[in-house]
Amino acid sequence: VGYHGTSDFPFILANVANSTSNLVLDTDSGTVVGTGTFYVGSIGTGNLTVQNGATLSTSSGAALAVNTNSIGNATVTGFGSNWTIGTAALRVGSLGNGALNITNGANVAAAGLEVGEFLNSTGTMSLSGLDAMFTTAGTANIGGTSATQTAASATLNIDGGAVVNFSGTTNFRTRATVNLDGLTHPLVDVVHGGAWDDVAVNDGLVGDHNRPPACLV
């Protein structure tokens, strides 16, 4: 879809059980979802792709895999491709199985982040390729909004050259796993320090500003 425009209506992909809905934003298109919700995989399977310099702005937050048994996938790829989530968190795996992939210089920024939001959900956020970046200044919960209601699994995969910046409150729950590939600099930067609940950190460096810089956890 090559589209320049703004919508204030709810935008929902896969709002029928057993359905599959795909949305591709391509080649310098610009799309804004104003006050409406933006759901990728509400009940069925939803797939979102933002590529080749396309931009997407969802002003009222966004969610991948909203309800139980839903699947929501989002891929943002290529230099200049950008997804901005304002005023509310990006929820990757709310009650279902959600996955966010950021590759090859693409950028995603959100007001907050939930990866594996509620009990028994599954959330995965993966970054790969030079200058792929995720940023939030809000609260980031990896593995559950609450420490007593954790996700089935919550995984961050960050390959060399990609960067994750957490500059708000950051909570890594007991079901969280961080997989890092690349030892040249901290690839996950936790500015205000994180709450770490037996988190598995594999093969890399995490810069936690409450710990020594570039510490191996």
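Remember, predicted model here, so these are calculated numbers, not experimental data. (Residues numbered from 1 in each chain as written. Predicted model: local features only at pLDDT ≥ 70, side-chain atom pairs only at ≥ 80, totals over all residues. Heavy atoms only, no water.)

Q: When you look at the overall build of the chain in this model, what are you seeing that I'm missing?
A: Helices and strands together make up the secondary structure of the chain, namely 0 helices and 25 strands. Classification of the 217 residues of the chain by burial places 48% in the buried group. The long-range fraction of contacts in the chain, counting pairs at least 24 apart against all pairs at least 6 apart in sequence, stands at 74%. (Helix = DSSP H or I, 4+ residues; strand = E, 2+ residues; numbered from the N terminus. Buried < 20%, exposed > 50% of the residue type's maximum accessible area, 1.4 Å probe, protein only. Contact = heavy atoms within 4.5 Å.)

Q: Where do I start with the pairing of strand β15 (residues 122–128) in this structure?
A: The side chains of a regular strand alternate, residue by residue, between the two faces of the sheet. Examined bridge by bridge, strand β12 (residues 97–103) and β15 share 7 bridges and lie parallel to one another. Looking at the pairing, Thr 103 lines up with Ser 128 of β15. Pairing between β15 and strand β18 (residues 153–159): 6 bridges, direction parallel. Among the inter-strand pairings, Gly 123 is bridged to a residue of β18, identified as Ala 154. (Pairing = 2+ DSSP bridges.)

Q: Teacher, can you tell me more about the nonpolar core here?
A: Generally speaking, a soluble globular protein has its nonpolar side chains buried in company with each other. Of all hydrophobic cores here, the largest spans 41 residues; its most connected members are Trp 83, Leu 90, Leu 113 and Phe 134. When near neighbours in sequence (up to four residues on either side) are disregarded, Leu 113 contacts Ala 89, Leu 90, Val 92, Met 125, Phe 134, Thr 136, Thr 139, Ala 140, Asn 141, Ile 142 and Phe 166. (Core = buried A, V, L, I, M, F, W, Y, C linked by side-chain atoms within 4.5 Å.)

Q: Looking at this structure, how should I read the environment of Ile 102?
A: By the secondary structure assignment, Ile 102 is in strand β12. Linking Ile 102 and Asp 131, residues 29 residues apart in sequence, is a C-alpha distance of 9.8 Å. Residues in contact with Ile 102, not counting those within four places in the same chain, are Val 76, Asn 107, Val 108, Ser 126, Leu 127, Ser 128, Ala 132, Met 133 and Phe 134.

Q: Sorry if this is basic, but what is going on with unusual backbone geometry here?
A: Across the chain, the bulk of peptide bonds are trans and the bulk of non-glycine residues have phi less than zero. Despite not being glycine, Thr 87 shows a phi value in the positive range, around 70 degrees. Mapped onto the secondary structure, Thr 87 falls in the loop between β10 (82–85) and β11 (90–92). Since its relative accessible area comes to 73%, Thr 87 is described here as exposed. Positive phi values are uncommon outside glycine, yet Asn 120 reaches one of about 70 degrees. Within the secondary structure, Asn 120 is located in the loop between β14 (113–115) and β15. On the basis of relative accessibility, which here comes to 55%, the residue Asn 120 falls in the exposed class.

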